Amino acid sequence: MSAEHQESAMDTRELAAHFAATLGQIPSITTSSEEPPAHQARDYALLRDPVLHNERLDAIRSKKGYIIDMDGVIYHGNNLLPGAKEFVDFLDKNNKKYLFLTNNSQPTPRELQSKLNRLGIDVSADHFFTSGQATAHFLKSQMPEGGTVYVIGEPGLAYALYDMGFYMNDMNPDFVVLGESAAYNFERITKAVQLVQKGAKLISTNLDIETLDSQGRKIPATGAFTNIIELVTKTKAFYCGKPSALIMRYAQRVLGLSRIETCIIGDRMDTDIVAGITSEIDPVLVLSGVTTMEELAGFAYRPYVILGGVYEIPQDGDQHKVTEDELEEAARRASYL
């Protein structure tokens, strides 16, 4: 990269850092030229090293498929993050296949489509995949003929289960399914406990312990309520969302691509990045969400590359364009895996 381009990239990163700081909820992006602590030198090389960073960034641009987290990557709350629209335009222009993947089981794909549309990104509903859909796919694999469920969750989860042939039953269901919801209370949790004790299998859309409300305050999430039921019933829930490699496998099937031709882009080391590592899909960490560079030292694994945000990915020209013939050949290869 020329000195002029390096300076331009740094300016862009500083602009993104300023934008993040104005939101008050996103950690600032380190742009200092200070030497990092020795034990973090390799982590910082993935972000700053002019050879390693740019080689791996170019490899990401050459992928045929992208699995993309949403909150902290594309938007934060109701604010579109820097370069998000340009990133999606880059994917469309270069005929890439992509899927927005979320651990949130509350919304339907159409609701997620509507949110991105309000933020200025126009994509079709088939570009979204939730942990609710992954859960429904898993239950279908266990009971192809369909079955019954007791659900604590919102419409996105219920609709996904209905689509796979599962119906509500609060007396003797095959499964107790837990997802994101503001409707958790003592009565519903007690009901779930009693049904599991009677033989229903305990399923959780994800094991996220906490999330943030609209004001950036921590609130308990699905994993916290799952833990309550696990403790009382002395059972272990099966979960389907990130960091499970299962949801990644389902996402690959939707894309029709192999793991080698796919990457995952996310802002959380404990869900997005570990999901990529366990499924052998190159994981890209963006610093526009919850993870800071200082926190990387606490993890025993590293992402493939670290970006200030998705604004680093778009590039002019057709050198990364994928032809229809290439996609067809990639789909044939993936079908054998």
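Since the model is a prediction, treat every value here as computed from it, not as a measurement.

Calculation notes
- Residues numbered from 1 in each chain as written.
- Predicted model: local features only at pLDDT ≥ 70, side-chain atom pairs only at ≥ 80, totals over all residues.
- Heavy atoms only, no water.
- Helix = DSSP H or I, 4+ residues; strand = E, 2+ residues; numbered from the N terminus.
- Buried < 20%, exposed > 50% of the residue type's maximum accessible area, 1.4 Å probe, protein only.
- Salt bridge = Lys/Arg side-chain N within 4 Å of Asp/Glu carboxyl O.

Q: I'd like to hear about unusual backbone geometry, residue by residue, with values.
A: With an omega of 10°, the peptide bond running from Lys242 to Pro243 counts as cis. As for its position among the elements, Pro243 is in the loop between strand E12 (238-239) and helix H10 (245-255). At Asn95, a position not held by glycine, the phi torsion is positive, near 60°. Of note, Asn95 is situated in the loop between helix H4 (84-93) and strand E4 (97-102). In this model, Lys234 sits at a positive phi of 55°, which is unusual for a non-glycine residue. With respect to the helices and strands, Lys234 occurs in the loop between helix H9 (222-233) and E12. A residue is classified by how much of its surface remains accessible, and Lys234, at 74% relative accessible area, is exposed.

Q: Now, about the pattern of salt bridges: what can you tell me, with residues and values included?
A: Taken as a whole, this structure holds twelve salt bridges when the rule is applied. A salt bridge links Asp43 to Arg302, with the shortest nitrogen-to-oxygen separation between them at 2.6 Å. With Asp43 in helix H2 (residues 41-48) and Arg302 in the loop between strand E14 (282-286) and strand E15 (305-307), the pair connects residues that are 259 residues apart, well separated along the chain. A relative accessible area of 39% means that Arg302 is categorised as partly exposed. With a closest N to O distance of 3.3 Å, Lys85 and Asp89 form a salt bridge. With Lys85 and Asp89 both in helix H4 and four residues apart, this pair spans about one turn of that helix. For Lys85, a relative accessible area of 36% gives the class partly exposed. Using a relative accessible area of 38% as the deciding quantity, one classes Asp89 as partly exposed. Shared partners join several salt bridges into a network, and the residues in it are Lys64, Glu261, Glu329, Arg332 and Arg333.

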